[in-house]
Amino acid sequence: MKGKKILRAALAVLAVALAVSLASPAAAMTLFVLAVAALFAASVAARGRTEQADPLESARPEDRATLRKLQRMRDDIASIVRPARGQPSAAIRVVGEEALAEADRIVRQVGSLLGAKRELRQLEQGRYEAEREASKLEERLAAASEAERPALEAALRARRDQAARYAEVSARVESIAASIDQAELALSEIKARLATAATAAAPGEEDSLRETLGRVRALGRSLDEAKAWMEQQS
């Protein structure tokens with residue numbers, strides 16, 4: 001609830017910033033920065049709730065298909081590492097538990113990042129408005145008198161700064177989307193490796209598993225970095 005209130009406030013402040021940008025570019029930029037900070041605060045608040053609960057329970061309908069797929073792979077990994085009957089092979093017993101812990105972490109991370117990506121998308125929508133307004137100001141500036149130029153130039157700088165910030169948000173959205181895709185591939189790979197090791201333990205299989213697990217851990221670190229970036233903006 002708190003995160004939603006912060007998000008609504010951020011969007012309201014952003015609307016005001018767009019409205020006053022021509023009359024007072026400096027005030028508009030201040031309001032814009034406040035709106036960005038409030039939006040990231042909403043992301044952090046939502047992420048905190050997500051990490052304390054089942055990610056699927058707090059996910060939006062459009063995100064549940066992605067999370068369900070990851071959770072199914074996590075559950076498949078668990079069934080290999082902790083079979084209902086018998087014991088896993090020595091080759092996967094220790095590595096398998098480590099892989100399962102990483103799978104749990106990745107599912108939680110993706111749950112958080114899906115929410116962050118959705119909220120960033122809402123902010124990103126203002127990029128095209130800022131770019132369009134900048135183009136209009138450039139046209140006005142070309143035909144402006146000397147008296148009009150200072151105000152128009154200040155407004156144009158403000159719009160360009162806004163567009164640059166939106167571009168940074170867009171790049172981060174794409175990075176988050178790529179990380180989520182990599183999470184699916186990583187869990188699929190570790191699941192396949194574990195399944196092979198469980199049915200045909202060959203010499204060196206544990207080494208192959210550890211190599212794959214290393215890549216999964218590296219992905220986990222990159223997801224952590226994405227979350228840390230979000231927190232630094234709040």
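Scroll up for the structure.
Here the residue index of a chain counts from 1 through its sequence in written order. A pLDDT threshold of at least 70 governs which residues receive local features in this predicted model, and a stricter bar of 80 or more applies before side-chain atom pairs are shown or counted, although totals over entire chains, interfaces and linings include all residues. Heavy atoms from the whole structure form the basis of all side-chain values; hydrogens and water molecules are not counted.

J.: Hey, could you run me through the overall build of the chain in this one?
T.: Each helix and strand in the chain was counted, giving eight helices and zero strands. Numbering goes from the N terminus for both helices and strands, where a helix is a DSSP run of H or I of at least four residues and a strand is a run of E of at least two. The order of helices and strands in the chain, counted from the N terminus, is α-α-α-α-α-α-α-α. Categorising residues by exposure relies on relative accessible area from a 1.4 Å probe, with only protein chains included: less than 20% of the type maximum marks a residue as buried, more than 50% marks it as exposed, and the intermediate range marks it as partly exposed. The buried share of the chain, reckoned over its 234 residues, is 41%. Long-range pairs, those at least 24 residues apart, make up 77% of the contacts in the chain with a sequence separation of at least 6. For the chain, the accessible surface area stands at approximately 12,100 Å², while carbon and sulfur atoms represent 52% of it. Note on contacts: a residue pair is in contact if any heavy atoms of the two residues lie within 4.5 Å. Here the accessible surface of atoms and residues is derived via Shrake-Rupley with a 1.4 Å probe, and residues count as covered only by protein chains that are part of the display.

J.: Just to check I follow, could you spell out the packing of helix α4 (residues 61-81) against helix α7 (residues 149-199) for this structure?
T.: When two helices pack together, their arrangement is captured by the angle between the axes and the distance separating the axes. Look at α4 against α7: their axes get within 10 Å of each other, and the N-to-C directions meet at 20°. Classified by the interaxial angle, the pair formed by α4 and α7 is roughly parallel. Judged by the sense of rotation from one axis to the other, the crossing of α4 with α7 is left-handed. In this structure, α4 contributes Thr66, Lys69, Leu70, Met73, Asp76, Ile77, Ile80 and Val81 to the contact, and α7 contributes Ile180, Ala183, Glu184, Leu187, Ser188, Ile190, Lys191, Leu194, Ala195 and Ala198. Asp, Glu, Lys and Arg are counted as charged, while Ala, Val, Leu, Ile, Met, Phe, Trp, Tyr, Cys and Pro are counted as nonpolar; the rest, among them Gly, fall into the polar class. Among the residues making up the contact of α4 with α7, the classes are represented as 12 nonpolar, two polar and four charged. Every angle, taken between N-to-C directions, lies between 0 and 180 degrees, and every axis is a line fitted to C-alpha atoms, over only the stretch in contact when it is a helix. Working rule for angles: under 35 degrees goes down as roughly parallel, over 145 as roughly antiparallel, 65 to 115 as roughly perpendicular, anything else as oblique. What makes a crossing left-handed is the near helix being turned counterclockwise from the far one by less than a right angle; a clockwise turn instead makes it right-handed.

J.: How do you make sense of the packing of helix α6 (residues 126-142) against α7 when you look at a structure like this?
T.: Look at α6 against α7: their axes get within 8 Å of each other, and the N-to-C directions meet at 155°. By the angle between their directions, the pair α6 and α7 is classed as roughly antiparallel. Once α6 is placed against α7, the crossing between them reads as left-handed. Within the contact between the two elements, α6 uses Gly126, Arg127, Ala130, Glu131, Glu133, Ala134, Leu137, Glu138, Arg140 and Leu141 and α7 uses Arg149, Leu152, Glu153, Ala155, Leu156, Arg159, Arg160, Gln162, Ala163, Tyr166, Ala167 and Ser170. Split by residue class, the contact of α6 with α7 holds 10 nonpolar, three polar and nine charged.

J.: Would you mind going over the pattern of salt bridges with me for this structure?
T.: A pair is scored as a salt bridge if a Lys or Arg side-chain nitrogen falls within 4 Å of a carboxyl oxygen belonging to Asp or Glu. For the coordinates displayed, the defined rule picks out 15 salt bridges. The partner of Glu97 in a salt bridge is Arg82, with the nearest N and O atoms 3.0 Å apart. Note that Glu97 is positioned in helix α5 (residues 90-124) and Arg82 in the loop between α4 and α5, a separation of 15 residues in sequence. Judged by its relative accessible area of 31%, Glu97 is partly exposed.

J.: Please explain the side chain of Thr212 as it appears in this structure.
T.: Mapping Thr212 onto the fold places it in helix α8 (residues 205-233). Here Thr212 falls in the buried class, since its relative accessible area comes to 0%. Polar contact is defined as a pair of N or O atoms within 3.5 Å, subject to the rule that within protein one atom must be able to donate a hydrogen and the other to accept it, and that residues adjacent in sequence are counted only when both atoms are side-chain atoms. There is a polar contact of 3.2 Å between the side chain of Thr212 and the side chain of Arg193. With residues near it in sequence (within four places) discarded, Thr212 still touches Glu189, Ile190 and Arg193.

J.: Before we go on, may I ask you to explain the nonpolar core in this structure?
T.: Nonpolar side chains tend to gather and get buried jointly when the protein is soluble and globular. Counting residues in hydrophobic clusters, the biggest one holds 38 residues, and the most contacted among them are Ile77, Ile106, Val110, Leu187, Ile190, Leu194 and Leu209. Residue assignment for this core shows that the elements contributing at least two residues are α4, α5, α7 and α8. Non-local contacts of Val110, meaning those with residues more than four positions away in its chain, are made with Leu67, Leu70, Ile180, Ala183 and Leu223. By nonpolar core is meant a set of buried Ala, Val, Leu, Ile, Met, Phe, Trp, Tyr and Cys residues that side-chain atoms within 4.5 Å join together. Core analysis: the second largest hydrophobic core is formed by seven residues, Leu137, Leu152, Ala155 and Leu156 among them.

J.: What is the right way to look at the environment of Ala163 in this model?
T.: As for its position among the elements, Ala163 is in helix α7. Taking the C-alpha atoms as reference, Ala163 lies 9.6 Å from Arg132; in sequence the two are 31 residues apart. Residues within four places of Ala163 in sequence aside, it is in contact with Ala130 and Glu131.

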